Amino acid sequence: MRYKCIISYDGTNYMGFQIQPNCDTVEERLEQAIKKMLDTDVKVVASGRTDRLVHALGQVIHFDIDKKLTPNNIKRGLNSFLPKDIHVNEVEIVDEDFHARFSAKSKEYHYFINTGEYNPIIRNYMPNITNLDVSLMEDAIKLFIGTHDFKGFASSQIDKRKDTIKTIYEAKIIKYDDKLEFIFIGSGFLKYQVRKMMGLLVEIGFKKETKDKIIKIFETKDPKLSHKILGGEGLYLYKVNY
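Rules and cut-offs
Residues numbered from 1 in each chain as written. Predicted model: local features only at pLDDT ≥ 70, side-chain atom pairs only at ≥ 80, totals over all residues. Heavy atoms only, no water. Phe/Tyr/Trp six-rings, centres within 6.5 Å; stacked < 30°, edge-to-face > 60°. Helix = DSSP H or I, 4+ residues; strand = E, 2+ residues; numbered from the N terminus. Buried < 20%, exposed > 50% of the residue type's maximum accessible area, 1.4 Å probe, protein only. Core = buried A, V, L, I, M, F, W, Y, C linked by side-chain atoms within 4.5 Å. Contact = heavy atoms within 4.5 Å. Lys, Arg positive; Asp, Glu negative; His and termini not counted. Salt bridge = Lys/Arg side-chain N within 4 Å of Asp/Glu carboxyl O. Polar contact = N/O pair within 3.5 Å; in protein donor to acceptor, adjacent residues only side chain to side chain.

A. The packing of aromatic side chains, seen in detail. In the structure shown here, the tally under the stated rule is ten aromatic pairs. A ring pair is formed by Tyr-9 and Phe-17, whose centres lie 6.3 Å apart and whose planes are at 35°; its orientation type is tilted. Plain terms: the ring middles of Phe-112 and Tyr-236 are 5.4 Å apart, the flat faces sit at 85° to each other, and that makes the pair edge-to-face. Taken together, the residues span a long stretch of sequence, with Phe-112 in strand E5 (residues 106-114) and Tyr-236 in strand E9 (residues 235-241) at a distance of 124 residues. Taken individually, Phe-112 and Tyr-236 each receive the classification buried, so the pair is uniform in this respect.

Have a look at this one:
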């Protein structure tokens, strides 16, 4: 039986989603919980990897087991073995051709910035950045919409065989009294892509760069030009669409 789970997690205490040697990761905790519940090793497949400190509200995973359990029993069982900063929100039985990664049609990421007084309570959930010209950022963020080669906004260490052409369907900013919410919905995202786009948007908000820099990076495809990578603590994998 193949089970699809929607999970949320606080990424503060983890070195990202993917299992790494001698590191605490979300994937490892999930597989440990499944083993405790079923007394067997089960491989978890996720919609994608999130980096260190990055949070998730709608990460999607799937896994296969020989037993047929109800989704409710899977949910209750996993949550009883998971730490309090990882939670299974929904579980359903899916067809064998469903794949958490390859079946995804689009992903939605949100990035939050605290523009008010520094608040130690929320420091792990949104960086404190003040004195931004939001109107400049609103104008610039529109340039990300559409189909582009995002190689210049990705990690320089990504596999050269990886397709770097992605489509951004929506990119916008929602303003609150003391925070900004950036929303990116796209066909997929490369490693560091959202955090590099955010880094440049902040530079534009500080009037250190202009929106023309976005066009230049698209043209040159040079990752060195998008050198500023905003912290992972403000980034959330919000939703995966199938």
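B. Local environment of the nonpolar core. Membership of the largest hydrophobic core comes to 66 residues, with the highest contact counts inside it found for Phe-63, Phe-144, Phe-182 and Phe-184. In terms of residue count, helix H4 (residues 193-205) provides more of this core than any other element does, seven residues in total. Discounting residues that sit within four places of it in the chain, Phe-144 has contacts with Phe-150, Phe-153, Ile-168, Phe-184, Met-197, Leu-201, Ile-214 and Phe-218.

C. Just the side chain of Lys-107, in detail. Relative to the helices and strands, Lys-107 resides in strand E5. The charged side chain of Lys-107 is buried without a salt bridge, its nearest counter-charge being Asp-51 at 11 Å. In this structure the side chain of Lys-107 is engaged in a polar contact, spanning 2.7 Å, whose partner is the backbone oxygen of Ser-47. Not counting residues up to four positions away in its chain, the partners in contact with Lys-107 are Ser-47, Gly-48, Phe-184, Ile-185, Gly-186, Phe-189, Lys-239 and Val-240.

D. Quick peek at the environment of Phe-63. With respect to the secondary-structure elements, Phe-63 resides in strand E3 (residues 55-64). For the pair Phe-63 and Lys-4, spaced 59 residues apart in the sequence, the C-alpha separation amounts to 7.0 Å. The contact partners of Phe-63, leaving out residues within four places of it in the chain, are Met-1, Arg-2, Tyr-3, Cys-5, Ile-34, Val-42, Lys-43, Ile-74 and Leu-78.

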